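# Working through the structure, step by step
Each chain is listed here by its residues.
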Amino acid sequence: METATAPPRSITGHFHAALRLARGAWSHAAKLALDVALPTLCVACREPVDGDGVCAACWAKLSFIAPPYCPRLGIPFVYDPGPGMLSMEAIADPPAYARARAAVRYDDVARTLVHALKYQDRTDLAPAMGRWMARAGRELLEEADALVPVPLHWRRGWSRRYNQSGALARSIERQSGVSVVSEALRRVRPTQQQIGLSRSQRASNVQGAFKVAADRSSDIAGRRVILIDDVLTSGATVDACARALLRAKAATVDVLVFARVVDTHKSPI
C-alpha cells in the first residue's frame, strides 16, 4: 500500500497565507459594498455622515471642556479664578483620586454617543471618543504608567458582551502609548444601575464592590494609574475604584472620562 505524502510545509504555509489574503480581500469588498449600500448615519441625528459617527452639525453641538477648570475635579469655571484655585466641590468633598478630566459636558449629543456605545453595540464610536479623551487628558497621560478601565461585573459583561470603558481605554492606548491593564481591578460583587440613585445611594451602592486581584497587584503597585470610564456623575464609582487601587499601593490615581455631568441637579443621567 502506498503511503500518502504530506505536502511540504512551505507549500502549506503559502496556501494558508493566500487563503487569508483572499478572505481579507473578500471581507474588505463586502464591507465596501455594505458602506455604499448603507451609508453611515450620524448617531445623534441619523443624517448620512462620512467620518467618526457624528455629523458636523452635531459635532458643533458637543460642549468640549477646556480651561479654565478646577485642577482637581476638572469642573469648568465660568471665569478664570487664577492658578491653582479649586472648586467648592473639591474643597467640600475631596475625592480619593488626584485629578479628573473629561472631554465633553454630558449634554444631549454626548448622552446619545454614550448610550449608543454602551447599549447599542456601537463600538465603532470608541476610536473618536477615545481621541477626544486623549486630548482632554494629555497632561495626565504624559505622567501615567497604566490605563485601568472601570470593570463590569462578569454577569453584566456576559449580557453586554463587552465593556465600553475597556473599548475607550484601548483607543486611548493607541493614541498615547500608555498600556491598558484590564484584569487587575475587578468588580467583586454585582451592583444595581446607578441611574436614578441619589448621591448617597450611589456611594453605598458601590462601596466594597471593587478589588485588585491578589495575583495582579504587581500591575498596580507603585504605578501611576488612570481610571477610564464613559461618564462621571457623582464620582461614586471612580472614587470606589480609586480607593481599591490605592489600597493595592498605586502611586497615584487619576480619572479620565468621555463626559461629565457638570450640574448633577439639572443634568441627571
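So, here is what we can say about the structure in this document. (Residues numbered from 1 in each chain as written. Predicted model: local features only at pLDDT ≥ 70, side-chain atom pairs only at ≥ 80, totals over all residues. Heavy atoms only, no water.)

### Regarding the pattern of salt bridges
Per the stated rule, a full pass over the model turns up 9 salt bridges. We note a salt bridge from aspartate 239 to arginine 243, for which the minimum N-O separation is 3.1 Å. Taken together, the residues span about one helical turn, with aspartate 239 and arginine 243 both in helix H10 (residues 236-247) at a distance of 4 residues. Relative accessible area serves as the criterion here: at 43%, arginine 243 is assigned to the partly exposed category. Through salt bridges with shared partners, a single ionic network connects Arg99, Glu143 and Asp254. (Salt bridge = Lys/Arg side-chain N within 4 Å of Asp/Glu carboxyl O. Helix = DSSP H or I, 4+ residues; strand = E, 2+ residues; numbered from the N terminus. Buried < 20%, exposed > 50% of the residue type's maximum accessible area, 1.4 Å probe, protein only.)

### Focus on the pairing of strand S6 (residues 252-260)
Counting buried residues in S6 gives 8 out of 9 residues, a clear majority hidden from the surface. In terms of strand pairing, strand S1 (residues 100-105) meets S6 through 5 bridges, oriented parallel. Each bridged residue has a counterpart across the sheet, and for arginine 105 the counterpart in S6 is arginine 260. Pairing of strand S5 (residues 224-232) with S6, which is carried by 8 bridges, proceeds in the parallel orientation. Opposite valine 231, over in S6, you have alanine 259 as the bridge partner. Crossover connection from S5 via H10 to parallel S6: handedness right-handed. (Pairing = 2+ DSSP bridges. Right-handed = clockwise from strand over helix to strand, strands pointing away.)

### Some points on the sheet that holds strand S2 (residues 146-149)
Reading across the sheet, the 4 strands line up as S1-S6-S5-S2 and stay open at both edges, with parallel pairing between neighbours. Strand pairing shows two members of the sheet lacking a second neighbour, S1 and S2, which therefore form its edges. Sheet twist, expressed as the mean angle between neighbouring strand axes with direction ignored, is 20 degrees. Contacts from helix H4 (residues 108-119) reach S1, S5 and S6, with the element oriented near 110 degrees to S6. Sitting on the sheet, H10 touches S5 and S6, and the angle it makes with S5 is about 165 degrees. (Axes fitted to C-alpha atoms, helices over the stretch in contact; angles between N-to-C directions. Contact = heavy atoms within 4.5 Å.)

### A few points about the packing of aromatic side chains
Considering all chains together, one arrives at 3 aromatic pairs under this definition. Aromatic pair tryptophan 59 and phenylalanine 64: ring centres 5.5 Å apart, planes at 45 degrees, arrangement tilted. Assessed through its relative accessible area of 42%, tryptophan 59 is described here as partly exposed. Overall, phenylalanine 64 belongs to the partly exposed group, its relative accessible area being 27%. Aromatic pair phenylalanine 64 and tryptophan 132: ring centres 5.6 Å apart, planes at 90 degrees, arrangement edge-to-face. Taken together, the residues span a long stretch of sequence, with phenylalanine 64 in the loop between helix H2 (56-61) and helix H3 (88-92) and tryptophan 132 in helix H5 (residues 126-136) at a distance of 68 residues. Among the aromatic residues, those joined into a cluster by ring pairs are Trp59, Phe64, Trp132 and Phe258. The ring of phenylalanine 64 has arginine 135 lying over it, and the distance from NZ or CZ to the ring centre is 5.2 Å. (Phe/Tyr/Trp six-rings, centres within 6.5 Å; stacked < 30°, edge-to-face > 60°. Lys NZ or Arg CZ within 6 Å of the ring centre and 35° of its normal.)

### Description of the environment of glutamine 164
On the secondary structure map, glutamine 164 appears in helix H8 (residues 164-176). For glutamine 164, a relative accessible area of 4% gives the class buried. The sequence separation of glutamine 164 and aspartate 229 amounts to 65 residues, and the corresponding C-alpha distance is 7.9 Å. Excluding residues within four positions of it along the chain, glutamine 164 makes contact with Leu117, Lys118, Asp229 and Asp230.

### Focus on the state of the cysteines
In the structure shown here, the tally under the stated rule is 0 disulfides. This cysteine, cysteine 55, is not joined by any disulfide, and cysteine 45 carries the nearest cysteine sulfur, 3.6 Å off. (Disulfide = S-S within 2.5 Å.)

### Observations concerning the packing of H4 against H5
It is at 11 Å that the axes of H4 and H5 come closest, and there the two elements cross at 125 degrees. Taken as axis vectors, H4 and H5 run oblique relative to one another. The crossing of H4 and H5 is left-handed. Between H4 and H5, the contacting residues are Leu113, Val114 and Leu117 on the first element and Ala126, Met129 and Trp132 on the second. Split by residue class, the contact of H4 with H5 holds 6 nonpolar, no polar and no charged. (Parallel < 35°, antiparallel > 145°, perpendicular 65-115°, else oblique. Left-handed = near helix turned anticlockwise from the far one by under 90°. Nonpolar A, V, L, I, M, F, W, Y, C, P; charged D, E, K, R; others polar.)

### Some remarks on a nonpolar patch on the surface
A surface patch of nonpolar side chains, about 310 Å² in accessible area, is lined by Leu86, Met88 and Ile91. On the secondary structure map, leucine 86 appears in the loop between H2 and H3. A residue is classified by how much of its surface remains accessible, and leucine 86, at 33% relative accessible area, is partly exposed. (Patch = residues over 30% accessible without salt bridge, like charges linked within 9 Å, V, L, I, M, F, W, Y side chains within 5 Å. Areas by Shrake-Rupley, 256 points an atom, 1.4 Å probe, with all protein chains shown as cover.)

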